[in-house]
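Residue strings, one per chain:
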Amino acid sequence: MPFTPNRKFKQSPRLIVAGEGLHYDLADGRRVLDAIAGLWCVNAGHRNPRVSAAMKAQIDVLDYASNFQIGHPAAFKLAQRLAQMAPAGMDHVFFTNSGSESVDTALKIAVAYHRARGDAGRYRLIGRERSYHGVGFGGISVGGIGRQRSTFGPLLNGVDHLPHTLDLARNAFSRGEPPHGIDKADALEALVSLHDASTIAAVIVEPVAGSTGVLPPPRGYLKRLREICDKHGILLIFDEVITGFGRVGRNFASDLFGVTPDLITTAKGLTNGAVPMGAVLMRGAVHDAFMQGNVSAVELSHGYTYSGHPLACAAAMATLDAYTEDGLIARAAELSPYFEDGLHSLRGLPGVIDVRNVGLLAGIELQGWASGPGTHAQAVAQHCLDESGVLVRSVGDTIALSPPFTLERRHIDQIIDSLRAAIAQTAQATDTAA
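Residues numbered from 1 in each chain as written. Predicted model: local features only at pLDDT ≥ 70, side-chain atom pairs only at ≥ 80, totals over all residues. Heavy atoms only, no water.

An unreviewed UniProt entry lists the chain under the name Aspartate aminotransferase family protein, with Acidovorax cavernicola as the source organism. You can read under Cofactor (unreviewed entry) in the UniProt record for the chain the words "pyridoxal 5'-phosphate". UniProt's Sequence similarities (unreviewed entry) comment on the chain is quoted here verbatim: "Belongs to the class-III pyridoxal-phosphate-dependent aminotransferase family." (UniProt positions renumbered as here; feature names shortened; annotations may be inferred.)

In structure tokens, the structure reads:
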């Protein structure tokens, strides 16, 4: 099992047997509230009727068609739909099957873009500390979570990292963008001075870092990165695998923060988690750099067997309908202030050292325990599940939340009440043990 202590899991397995709307049904008969949307992805609720109907209809018409030297209409219709939804100017799409594949695809496009323009010296990639960009060798290389890098030995050459933006001393309990930290972006100028801009192909960051504990960008930080990249001819990639498709109350975090990158990586919420699919969105100028020379030549030697899979395209089109026609992205934006107030009501509870939030995305950081990294958050998450029937996620010593957009205020109350009880009860257990 991925990212799982397999031996421990087999001692006491937790198995999901069904899901509907906001809830999962477990094998032991319990129904639990899914406060993490599966894995940041089931934004429109489990077994969304639109998505289920579209997939059932598609499988009866066309199960598979390659997109190598032939195609099918659904892939082009979806690409057009995504271009309309994306930030202005990002009007071309390359389909993948996951966030990891989207990241590796974007990195390859960035390097190949410079080579296509006769600038083959630009090969370096700049990531950021405490970032997660999937599990491909490219994504691990630009990623900045040490335990995910150290397992696999030497990674890609020519990679460097910006400092992370977490600053508890100045920014703890900020709502939305923290006020301090724009200076963290200036570290890119230092890397340019170190490596020379002529060697740097791209910078990749998550607008809101997710799997490291939900880190919103400091005010002005992303705009400063955009300015520095423009100054030195460096492509800017936003990893929006988590933040894309309404999670922050707008179509993309790029829209919320008013910064348009050169490429955006997506997956997760694209199909509501119903079937694997990802996509890389890109500016016209990036696409057009490849459209040179012999028209019979392959412009980009890259792709996947299942790129633009018909079933995934059907799920994605229906998911986008749910977001727009059912008003789910607008609903996420509407609920965000209530969600924020509930989260920040946890301030002052024992062991709560920070609360971070953007849209329907949040992290509650807990004071670490002497028993080891992550044990405090794991205890809180276990209590929420066992005692309150609420599924939250522990990432390090942070509780991460990303509920489906179909929830109501009463469900937010249930999540917050569950966390309040779990934090209090685990703190009492700790005090007693001490």
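Student: Break down helix α4 (residues 73-85) for me, citing the residues and quoting the values.
Tutor: The end-to-end C-alpha separation of α4 is 19 Å, in line with the 18 Å expected for 13 residues at 1.5 Å each. Turning to α4, its buried residues are A75, L78, A79, R81, L82 and M85. Within α4, the buried residues cover an arc of 165 degrees as seen down the axis, which keeps them to one side. When the buried face of α4 is taken as reference, the exposed residues oriented beyond 90 degrees from it are P73, F76, K77, Q80 and Q84. If you follow the buried residues of α4, they end up packed against β4 (92-96), β10 (278-282), α13 (310-325) and α14 (328-344). (Helix = DSSP H or I, 4+ residues; strand = E, 2+ residues; numbered from the N terminus. Expected span 1.5 Å × (residues − 1). Buried < 20%, exposed > 50% of the residue type's maximum accessible area, 1.4 Å probe, protein only. Arc of directions from axis to C-beta. Contact = heavy atoms within 4.5 Å.)

Student: How would you sum up the domain arrangement of the chain? Please name residues and give values.
Tutor: Taken as a whole, the chain is organised into domain 1 (6-48 + 327-433) and domain 2 (52-325). Relative placement of domain 1 and domain 2: their C-alpha centres are 27 Å apart. Each side of the interface is counted separately: domain 1 has 39 residues, and domain 2 has 37 residues. Summed over both partners, the interface of domain 1 with domain 2 buries about 3,100 Å², with 57% contributed by carbon and sulfur atoms. Considering only the side of domain 1, the residues that lose the most area to domain 2 are W40, I329 and V358, jointly responsible for 23% of the buried surface there. Summed over the shared surface of domain 1 and domain 2, the number is 2 salt bridges. With its nearest N and O atoms 2.7 Å apart, the salt bridge here joins D341 to R175. Linking domain 1 with domain 2 are 20 residue pairs in polar contact (both at pLDDT 80 or more). Looking at the side of domain 1 that touches domain 2, the elements that each hand over two or more residues are α2 (37-40), α14, β11 (352-358), β12 (361-366), β14 (393-395) and β15 (398-401). Residues of the side of domain 1 that touches domain 2, tallied by class, amount to 21 nonpolar, 10 polar and 8 charged. (Domains from an automatic or database assignment. Buried area = accessible area lost by both parts, 1.4 Å probe. Salt bridge = Lys/Arg side-chain N within 4 Å of Asp/Glu carboxyl O. Polar contact = N/O pair within 3.5 Å; in protein donor to acceptor, adjacent residues only side chain to side chain. Nonpolar A, V, L, I, M, F, W, Y, C, P; charged D, E, K, R; others polar.)

Student: Describe in detail the sheet that holds β15, supporting the description with residues and values.
Tutor: The sheet built from 4 strands is open, its strands ordered β11-β12-β15-β14 with antiparallel pairing. Strand pairing shows two members of the sheet lacking a second neighbour, β11 and β14, which therefore form its edges. Sheet twist, expressed as the mean angle between neighbouring strand axes with direction ignored, is 25 degrees. Bridge analysis of β14 against β15 gives 3 bridges, and the strand direction is antiparallel. From the neighbouring strand, V395 faces β15, where its bridge partner is T398. Here helix α15 (residues 375-388) sits on the sheet in contact with β12, β14 and β15, set at roughly 45 degrees to β15. (Pairing = 2+ DSSP bridges. Axes fitted to C-alpha atoms, helices over the stretch in contact; angles between N-to-C directions.)

Student: Talk me through the side chain of H114; I want residue IDs and the actual numbers.
Tutor: Looking at where H114 falls in the secondary structure, it is placed in helix α5 (residues 99-116). With relative accessibility at 1%, the residue H114 sits in the buried group. Apart from the residues lying within four places of it in its own chain, the contact partners of H114 are D119, A120, R122, I200, A201, G233 and L235.

Student: How would you summarise the side chain of T265 if you had to cite specific residues and measurements?
Tutor: Take T265: it is sitting in strand β9 (residues 263-266). Those residues in contact with T265 that sit more than four places away from it in its chain are S102, V103, A106, I237, F238, D239, E240, V241 and A279.

Student: If you had to explain the pattern of salt bridges to someone new, which residues and values would you point to?
Tutor: A side chain with one charge can pair with a side chain of the opposite charge if their charged atoms come near. This model, assessed by the stated rule, comprises 21 salt bridges. The shortest N-O distance in the salt bridge between R356 and D354 comes to 2.8 Å. Comparing R356 with D354, the two get one shared label, buried. A single salt-bridge network, built from bridges that share partners, covers R226, D230, D262 and R283.

Student: Summarise the sheet that holds strand β2 (residues 23-26); cite the residues concerned and give the values.
Tutor: Here we have 4 strands laid out as an open sheet, ordered β1-β2-β3-β13, and mixed in their pairing. The sheet is open, and its two edges are formed by β1 (16-20) and β13 (390-391), each paired on a single side. Both β1 and β2 contribute to a ladder of 4 bridges, which runs antiparallel. Residue pairing in the sheet places G19 in a bridge with Y24 of β2.

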